[in-house]
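Spelled out from the first residue to the last, the chains are:
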Amino acid sequence: MSRILAFNWKMNPTTRSQVKELTATLQEMTHDQLRSRVIVCPPSIYLSSLHDQQEKLPFHAEIGGQDIATEEQGAFTGQISAPMLQDMGIIYTLIGHSETRKYQHVSNQIVKEKTQQAFAVDLIPIICIGYTHEQDQDVDYDGLRTEIQAALDQDDLHNKPCIIAYEPIWAIGTGKTATPEMIDEVFAFIDQEVQALRGETVPLLYGGSVNHQNMNAFLTIERLDGFLVGGASLDPEEVKAMIKIMEEDAQK
Ligand code: PGA
């Protein structure tokens, strides 16, 4: 079964030489026979150089943005829009990552508007949800429902392709992970909610302290379509190991 391995570089790395090193790793590890779909989401300043390198090198990872504006264009200093990504040939963008919800005050209403922007130009949003509290590991199902409905209850564009990444806040960058049982249960809930809105399910990713050492345990979850990986995606050795594990799993 082919699964998705999405890398969220966040605000890293800080030098072009590190970007080069990571790109070289992608070139080494991703080829046209790769069964997994590798998606790299770099900071926007690196998007176009990565895209240019992809054409030249080539590597077989896809590229995604980390966020988009709620508007198409105009006086919105510091932001990039869905049409800009689409025009560059990029087909994915993260939306509603918990760090944007926390530090840029991205509300569910804003997630809805960003998702609309993505759908309007056929960008595939990777919508991040994970409404649990930073300390409390109990799943807040009402909160999750609100996040799902906000993003996907769209009037006219609701059946455009999208991906949902479930990332419990307490597991992001902490070294703590949800258990496969917990993820299974939450995925069943997400499926039920998404099905009610769209009449179909969408690919589901897990994110939160994923690395090559804990991946195998999650790959036993049948419903899992892949991972959204932060910290470990910045380490070339981790990247190699994770892609290897995904490939081994895809061949089973
Ligand atoms: P992490 O981040 O893998 O460093 O926990 C995941 C994410 O925030 O997407």
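How each quantity is defined
- Residues numbered from 1 in each chain as written.
- Predicted model: local features only at pLDDT ≥ 70, side-chain atom pairs only at ≥ 80, totals over all residues.
- Heavy atoms only, no water.
- Axes fitted to C-alpha atoms, helices over the stretch in contact; angles between N-to-C directions.
- Helix = DSSP H or I, 4+ residues; strand = E, 2+ residues; numbered from the N terminus.
- Parallel < 35°, antiparallel > 145°, perpendicular 65-115°, else oblique.
- Left-handed = near helix turned anticlockwise from the far one by under 90°.
- Contact = heavy atoms within 4.5 Å.
- Nonpolar A, V, L, I, M, F, W, Y, C, P; charged D, E, K, R; others polar.
- Phe/Tyr/Trp six-rings, centres within 6.5 Å; stacked < 30°, edge-to-face > 60°.
- Buried < 20%, exposed > 50% of the residue type's maximum accessible area, 1.4 Å probe, protein only.
- Core = buried A, V, L, I, M, F, W, Y, C linked by side-chain atoms within 4.5 Å.
- Near = heavy atom within 4 Å.
- Polar contact = N/O pair within 3.5 Å; in protein donor to acceptor, adjacent residues only side chain to side chain.
- Areas by Shrake-Rupley, 256 points an atom, 1.4 Å probe, with all protein chains shown as cover.
- Pairing = 2+ DSSP bridges.

1. Brief notes about the packing of helix α1 (residues 16-29) against helix α2 (residues 44-56)
To characterise two packed helices, one gives the angle between the axes of the helices and the distance between these axes.
Line of reasoning, step 1. As a packed pair, α1 and α2 sit with axes 12 Å apart at the nearest point and diverge in direction by 40 degrees. Classified by the angle between their axes, α1 and α2 sit oblique to one another. Along this stretch, α1 crosses α2, giving a crossing that reads as right-handed. Where α1 abuts α2, its residues R16, V19 and T23 lie against Y46, L50 and Q53.
Line of reasoning, step 2. Looking at the contact of α1 with α2 residue by residue, the class counts come to three nonpolar, two polar and one charged.

2. Considerations on the packing of aromatic side chains
Line of reasoning, step 1. Applying the stated criterion across every chain yields a total of four aromatic pairs.
Line of reasoning, step 2. Ring centres 4.7 Å apart and planes at 65 degrees place the aromatic pair Y141 and F189 in the edge-to-face group. Residue Y141 is found in helix α6 (residues 141-152), and its partner F189 is found in helix α7 (residues 180-198); the two are separated by 48 residues along the sequence.
Line of reasoning, step 3. The buried category is assigned to F189, whose relative accessible area is 9%.
Line of reasoning, step 4. Plain terms: the ring middles of Y206 and F218 are 5.0 Å apart, the flat faces sit at 40 degrees to each other, and that makes the pair tilted. Taken as a pair, Y206 in strand β7 (residues 204-207) and F218 in helix α8 (residues 215-219) lie far apart in primary sequence, twelve residues in all. Summarising the burial analysis for this pair, Y206 and F218 share the class buried.
Line of reasoning, step 5. A connected cluster of aromatic rings, assembled from ring pairs, spans Y166, Y206, F218 and F227.

3. Looking at the nonpolar core
Line of reasoning, step 1. By size, the foremost hydrophobic cluster in this structure holds 62 residues, and its most contacted members are L5, F7, L152, I190, Y206 and F227.
Line of reasoning, step 2. The element best represented in this core is α7, accounting for six residues.
Line of reasoning, step 3. Look past the residues within four positions of I190 in its chain and what remains in contact with it is I129, I148, I164, Y166 and L204.
Line of reasoning, step 4. In terms of nonpolar packing, the next biggest core, distinct from the first, is built from 13 residues, Y92, L94, A165 and L228 among them.

4. Some points on the site of the ligand
Line of reasoning, step 1. Taken together, 13 residues form the shell around the ligand, and within it K10, H97, E167, G173 and S209 come nearest.
Line of reasoning, step 2. Within the side chain of E167, a nitrogen or oxygen atom sits 2.7 Å from an oxygen atom of the ligand.
Line of reasoning, step 3. Within the backbone of G230, a nitrogen or oxygen atom sits 2.8 Å from an oxygen atom of the ligand.
Line of reasoning, step 4. Contact with the protein chains removes 96% of the 280 Å² of surface that the ligand exposes when unbound.
Line of reasoning, step 5. Its residues assigned to classes, the shell around the ligand shows four nonpolar, seven polar and two charged.

5. Notes on the sheet that holds strand β4 (residues 92-95)
Line of reasoning, step 1. Strand order in the closed barrel formed by eight strands is β1-β2-β3-β4-β5-β6-β7-β8, and the pairing between neighbours is parallel. Strand-to-strand twist in this sheet, taken as the mean axis angle between neighbours without regard to direction, amounts to 25 degrees.
Line of reasoning, step 2. Direction of pairing for strand β1 (residues 4-8) relative to strand β2 (residues 37-41): parallel, over a ladder of five bridges. Opposite L5, over in β2, you have V38 as the bridge partner.
Line of reasoning, step 3. Contacts from α2 reach β2 and β3 (62-65) within the one sheet, and its direction differs from that of β3 by about 170 degrees.
Line of reasoning, step 4. Along the sheet, α6 makes contact with β5 (124-129) and β6 (163-166), crossing β5 at roughly 160 degrees.

So, to be careful, I would describe these as geometric facts and stop short of saying anything about function.
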